Structure formats: C-alpha cells, structure tokens
Amino acid sequence: MSDRDIDLVISDVDGTLVGTDKSLSPGTIAAVARLHAAGIGFTVASARPPVGLRGLVATLALRLPMGAFNGATVVGPDLSVIEERLIPEATAREAVDRMLAAKLDVWVFADGLWSLRDPAGPYTDLERRTLDAEPNVVPELASLLGRASKLVGVSRDHAHLAACEAEIGRTLEGRAVVHRSQAYYLDVTPPGVDKGGFVDWMADRLGLARSRIATFGDAGNDAAMFARAGLSVAMGNAEERVKAAATAVTDGNDADGFAKAVDRLILA
C-alpha cells in the first residue's frame, strides 16, 4: 500500500500500541510521527477510560477525537467529552450481580472515576500504572450503577474469565456489549456501541470512505474495528481468532509490530 491508499489509522492501545510494560517504544513513537508527516491521521480506540489516554496525547501529538470505553465515550485531545453512552442501570446491576456470583473482582467506571471495593485486588497495581491514577475505593458499588460507562470483571483465572465472557455475553446479548479486552479483564459496555462504531463515527466526521481507514488490534473487542476498515492488522501476540479476522498480521507488541506494519503496509 502507498500513503494514498490510507488516510486514517485507528489503533487499539493495550497489547497493540504499548508493550507489555505499558510503555510506548521509540519505534512506535517514530512510526506515528511518520504517519503525521505523510498527512495520514492517527488516533486510538481503547477499552481504557479517558484518563488512561491522557499520557498518549502529548507523546504522539494526537489531534483527533479518541474512542474511550471501546468507543462508548468519544473525547477530544483535551479529554473533553464529545459523545457519551452509559450502560442502562438495570443491565449494569444484573451484570455486576453475575460477575460477583462468578467470583470476579468488579470495577466500575463512572463519573470519570475508577471505583472498586478492594484496592489490593487482582491487577489493581497494573491498572494504576496503566492509567497513572489511583482507584476510588468505595464500600459498595450499587450507588454507581446508574452512571456507569464501563464495568470490568477481573480474574487471574483466564480460562474461567473466558467462560464468563461466553455466559454473561449470552445473558446480556442486545443489552450490553461483553468482551475481554485482555485475558484478565472482562468488559461490559453500553449496547450497540463498539470499536467498529467508532470507526464509522470517525469516517463520518472526517468524510472518509471506510476503505481508506486502517485499524490495528490484538483482542476480541478489536474485531469489530477490523470489519469496518479497508486494512486491518492483528498483532503477533493476538489470539488466533483475532488474527483470522484481520487482513494482515504483524509482529508482537513487544517487537515493534505496530511500527513494522506501518512501514510495510501503509508507508511502503
């Protein structure tokens, strides 16, 4: 592909744009700069809350809207909210009940805060580093469920979480979107909204044909982006089902897979 074939690149963040240590490599930073220099737009669509995207803005010189919570909340580079969708309260309550019954730790993202009951629970240290923020520790979650942007079920038992994804996804079908964003995070987000919808939103906002958009990802919640884009690239560390949904596969996120694909498939 040449730079005339693609006008916009939309990338997932965790497992794709950043390494396992949650850092941006010099190669990735330089690759985004090369996209900018070629006149190709770049933005991100992530399961992260808006605050978790803050650190990317200056480093990558982001100027376009970004999709937080898998596209359910669209924010500008200053993190101001452009559009926002919430999980219906009854659905949020049922989702939390089912996740607690499955012995998952539960996090609630509401009112711009990451709220939980156990600050020492599984993966809380990782999330602190990822978001560069401290959790809001609360005695109960019920009072937040009328304002929830995203719910997360957390478990160190990845096979169990995959089974929960299938079961809770069937139960809440049509009322919420249920996908693992990582092997250890089960995300519940508003119905009818996914990263594919963010691709559509950006295409409409910029007046682009979807065939002129490239998407990058590694997890099941990225497949909806792949289906809407002219070029879709799965990371080498992606699950096999995600690779099968993409038009190309690159190296892993710890081996500058994003940068290599940008140079080979977009800027070559």
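Scroll up to find the structure this text is about.
Residues numbered from 1 in each chain as written. Predicted model: local features only at pLDDT ≥ 70, side-chain atom pairs only at ≥ 80, totals over all residues. Heavy atoms only, no water.

### What about the nonpolar core?
Looking at soluble globular proteins, one finds that nonpolar side chains tend to be buried together. Here is the rule we go by: Buried Ala, Val, Leu, Ile, Met, Phe, Trp, Tyr and Cys residues form a nonpolar core when they are joined through side-chain atoms within 4.5 Å. Classification of residues uses two cut-offs on accessible area relative to the type maximum, computed with a 1.4 Å probe and protein chains only: under 20% is buried, over 50% is exposed, and between them is partly exposed. Segments assigned H or I by DSSP are reported as helices when at least four residues long, segments assigned E as strands when at least two residues long, and all are numbered from the N terminus.
The biggest cluster of nonpolar side chains holds 31 residues, and the ones touching the most others in it are Val9, Phe42, Phe258 and Ile266. Taken together, the elements giving at least two residues each to this core come down to helix 1 (26–37), strand 2 (41–44), helix 2 (54–60), strand 3 (66–68), strand 12 (213–217), strand 13 (231–234) and helix 9 (257–266). Ranked by size, the runner-up nonpolar core spans 24 residues in total, among them Val106, Val108, Ala176 and Val178.

### Some words on the packing of helix 1 against helix 9
Heads up, the rule is: For helices, the fitted axis covers only the stretch in contact; all axes are lines through C-alpha atoms, and the angles between them, taken along N-to-C directions, range from 0 to 180 degrees. Here the word oblique covers every angle except those under 35 degrees (roughly parallel), over 145 (roughly antiparallel) and from 65 to 115 (roughly perpendicular). We call two residues in contact when some of their heavy atoms are within 4.5 Å. Polarity classes work like this: nonpolar for Ala, Val, Leu, Ile, Met, Phe, Trp, Tyr, Cys and Pro, charged for Asp, Glu, Lys and Arg, and polar for all others, with Gly in that last group.
Their axes nearest at 8 Å, the elements helix 1 and helix 9 cross at an angle of 30°. Overall, the two elements helix 1 and helix 9 adopt an arrangement that is roughly parallel. In contact with Gly27, Thr28, Ala31, Val32, Arg34 and Leu35 of helix 1, helix 9 contributes Phe258, Ala259, Val262, Asp263 and Ile266. The residue makeup of the contact of helix 1 with helix 9, split by class, is seven nonpolar, two polar and two charged.

### Focus on the pattern of salt bridges
What counts, and what does not: What counts as a salt bridge is simple: a side-chain nitrogen of Lys or Arg found within 4 Å of a carboxyl oxygen of Asp or Glu.
All chains considered together, the criterion is met by 21 salt bridges. Across the salt bridge formed by lysine 195 and aspartate 12, the nearest N and O atoms sit 2.9 Å from each other. Of this pair, lysine 195 sits in helix 6 (residues 195–206) while aspartate 12 sits in the loop between strand 1 (8–11) and helix 1, placing them 183 residues apart in sequence. The pair lysine 195 / aspartate 12 is uniform in exposure class, with both members buried.

### A closer look at unusual backbone geometry
Positive phi values are uncommon outside glycine, yet tyrosine 123 reaches one of about 65°. Relative to the elements of secondary structure, tyrosine 123 occurs in the loop between strand 7 (113–116) and helix 4 (124–131). Judged by relative accessible area, which is 16%, tyrosine 123 ranks as buried.

### Here we look at helix 1
To keep it simple, the criterion reads: Any helix carries an expected span of 1.5 Å times its number of residues minus one. The arc refers to the directions leading from the helix axis to the C-beta atoms.
Compared with the 16 Å implied by 1.5 Å per residue over twelve residues, the 16 Å span of helix 1 between its first and last C-alpha is a close match. Among all positions of helix 1, only Thr28, Ala31, Val32, Leu35 and His36 are buried. Viewed end-on, helix 1 has its buried residues packed into an arc of 145°, placing them on one side of the element. Structural note: helix 1 exposes Pro26 and Ala37 on the side pointing more than 90 degrees away from its buried face. Packed against the buried residues of helix 1 are strand 1, strand 2, helix 2 and helix 9. Immediately beyond the C-terminal end of helix 1, within one or two residues, lies glycine 39, with a positive phi of roughly 80°.

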